[in-house]
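Structural features, examined
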Amino acid sequence: MTRSDLVEELAERFRQLTHKDAESAVKAILDVMSEALVRGHRIEIRGFGSFSINRRPPRMGRNPRSGESVAIPEKRVPHFKPGKALREAVDERTQAMKKQAP
């Protein structure tokens, strides 16, 4: 699902929201989440999962074309850990879809 798909789904489920309102809501939520992660905060949405920042230490890599060593600097990357309810829901729905398939 893309961001625009999410906006479309929200606008369809909540008819009182215009497409522009749904787009603003999605943008606002994603902006707030991004800012919280940049500040080093952890985001936990009960029943869905949690977002945090993981540190990737600096390392030596290789340029695939030349084969020479390249220093790769430290990075901080977002990490998502699904919650128990989400994991179970995905598993149940996947099992149900497998049973329906011929």
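Below you will find a few notes about this structure. None of the values given here were measured: they were computed from a predicted structure.

1. Some words on the nonpolar core
- Judged by nonpolar contacts, Met33, Ala36, Leu37, Ile43 and Phe51 together constitute the single largest core of 5 residues.
- Top element by residues in this core is helix α2 (residues 19–38). It accounts for 3 residues.
- With residues up to four places along the chain from it excluded, the contact list for Phe51 reads Met33, Leu37, Arg42, Ile43, Ile45, His79 and Phe80.

2. Overview of the packing of aromatic side chains
- In this structure the tally under the stated criterion is 2 aromatic pairs.
- For the pair Phe48 and Phe80, a centre-to-centre distance of 5.4 Å together with 45 degrees between the ring planes defines the contact as tilted. Placement of Phe48 in the loop between β1 (43–45) and β2 (49–56) and of Phe80 in strand β5 (residues 75–82) is noted, with a sequence separation of 32 residues between them.
- When the ring of Phe51 is compared with that of Phe80, the centres are 4.8 Å apart and the planes differ by 45 degrees; the resulting orientation is tilted. Of this pair, Phe51 sits in strand β2 while Phe80 sits in strand β5; the two residues are 29 residues apart in sequence, bridging distant segments of the chain.
- What makes Phe51 buried here is its relative accessible area of 18%.
- Pairwise contacts between aromatic rings join Phe48, Phe51 and Phe80 into one cluster.

Basis of the calculations
Residues numbered from 1 in each chain as written. Predicted model: local features only at pLDDT ≥ 70, side-chain atom pairs only at ≥ 80, totals over all residues. Heavy atoms only, no water. Core = buried A, V, L, I, M, F, W, Y, C linked by side-chain atoms within 4.5 Å. Buried < 20%, exposed > 50% of the residue type's maximum accessible area, 1.4 Å probe, protein only. Helix = DSSP H or I, 4+ residues; strand = E, 2+ residues; numbered from the N terminus. Contact = heavy atoms within 4.5 Å. Phe/Tyr/Trp six-rings, centres within 6.5 Å; stacked < 30°, edge-to-face > 60°.

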